[in-house]
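Architecture at a glance
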Amino acid sequence: NKHTAAARTVRQVMFLKTLLQFSFYKASSSSGEVSKLALGTLLKRCQEVLQNYVKDEKLSGRCPLPRSRMAEIAFVMRAISSLIGSLQARRNQMTQIDVEVWDHVVGLYPYLIDCVTCNSNEVRETLKEALHKFRDLLVPPTLSPAGDHTTPNGTDS
């Protein structure tokens, strides 16, 4: 059912965004540390899903992977895009973002690149979104004369 799948995706993204709110900043309490550990586990799982997808798609040849696998990889791509978007929003406050979280996210890039040759249109579209987010995240902010943070193309970040 499309409605049920859409509702599940919304719940998954909401869960991820809630987790992200408590995970980016350096943990000063036990709840912050638990959130950081949960995010680390989620990022490791994303990496495993990406690795397994590439391997399994190559092994499957012309046979499509099951819908559940396609839904899983699409969710992972959306989760990565959401995570990168949240990091990008905070990139001008880098001292407040946990270095381990940053390293985990940047470490996903090679696994995303491995997905470039995938056969699924849905995966390619979500991959494209994630890679565009990475591009935006990796553009360093610059300071304008007034001290405002802007990107090299002159837009506010």
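Quick caveat: nothing in here was measured; it's all calculated off a predicted structure.

Cut-offs and rules
- Residues numbered from 1 in each chain as written.
- Predicted model: local features only at pLDDT ≥ 70, side-chain atom pairs only at ≥ 80, totals over all residues.
- Heavy atoms only, no water.
- Phe/Tyr/Trp six-rings, centres within 6.5 Å; stacked < 30°, edge-to-face > 60°.
- Helix = DSSP H or I, 4+ residues; strand = E, 2+ residues; numbered from the N terminus.
- Buried < 20%, exposed > 50% of the residue type's maximum accessible area, 1.4 Å probe, protein only.
- Expected span 1.5 Å × (residues − 1).
- Arc of directions from axis to C-beta.
- Polar contact = N/O pair within 3.5 Å; in protein donor to acceptor, adjacent residues only side chain to side chain.
- Salt bridge = Lys/Arg side-chain N within 4 Å of Asp/Glu carboxyl O.
- Disulfide = S-S within 2.5 Å.
- Lys, Arg positive; Asp, Glu negative; His and termini not counted.
- Contact = heavy atoms within 4.5 Å.

1. With respect to the packing of aromatic side chains
- Counted by the stated rule, this structure contains one aromatic pair.
- When the centroid spacing of 5.2 Å and the interplanar angle of 65° are considered together, the rings of Y109 and F134 count as edge-to-face. A residue pair is termed long-range when its members are at least 10 positions apart, and Y109 in helix α5 (residues 109-114) and F134 in helix α6 (residues 121-138) qualify at 25 residues.
- Owing to a relative accessible area of 36%, Y109 belongs among the partly exposed residues under this scheme.

2. Notes on α6
- In this model, α6 (18 residues) spans 26 Å end to end at C-alpha, consistent with the 26 Å of a helix rising 1.5 Å per residue.
- All buried positions along α6 are accounted for by V123, T126, L127, A130, F134 and L137. Along the long axis of α6, the arc covered by the buried residues comes to 105°, so they all point the same way. Across from the buried face of α6, at angles greater than 90 degrees, the exposed residues are N121 and E125.
- Sitting at the amino-terminal end of α6 is S120, which places a side-chain oxygen 3.3 Å from the backbone nitrogen of E122.

3. Things to note about the pattern of salt bridges
- Counted by the stated rule, this structure contains four salt bridges.
- Among the salt bridges present, the one from E72 reaches R69, with a minimum N-O distance of 3.7 Å. Here E72 and its partner R69 are both found in helix α3 (residues 67-90), three residues apart, which amounts to about one turn of the helix.
- Judged by relative accessible area, E72 falls into the partly exposed class, the value being 24%.
- Via salt bridges that share partners, R45, E48, D56, R69 and E72 belong to a single interconnected network.

4. Considering the state of the cysteines
- Considering all chains together, one arrives at zero disulfides under this definition.
- For the unlinked cysteine C118, the closest cysteine sulfur is that of C115, found at 6.3 Å.

5. Examining the environment of A71
- With respect to the helices, strands and loops of the structure, A71 is situated in helix α3.
- Once the C-alpha coordinates of A71 and V123 are considered, the two residues, 52 residues apart in sequence, prove to be 9.1 Å apart.

6. Structural notes on the side chain of E57
- Tracing the backbone through its elements, the reader meets E57 in helix α2 (residues 30-60).
- Despite its burial, E57 remains without a salt bridge, the nearest opposite charge being carried by R124 at 6.8 Å.
- In this view, E57 contacts L65, T117, C118, N119 and S120; residues no more than four positions away in its chain are not counted.

Geometric values such as these leave the question of function open.
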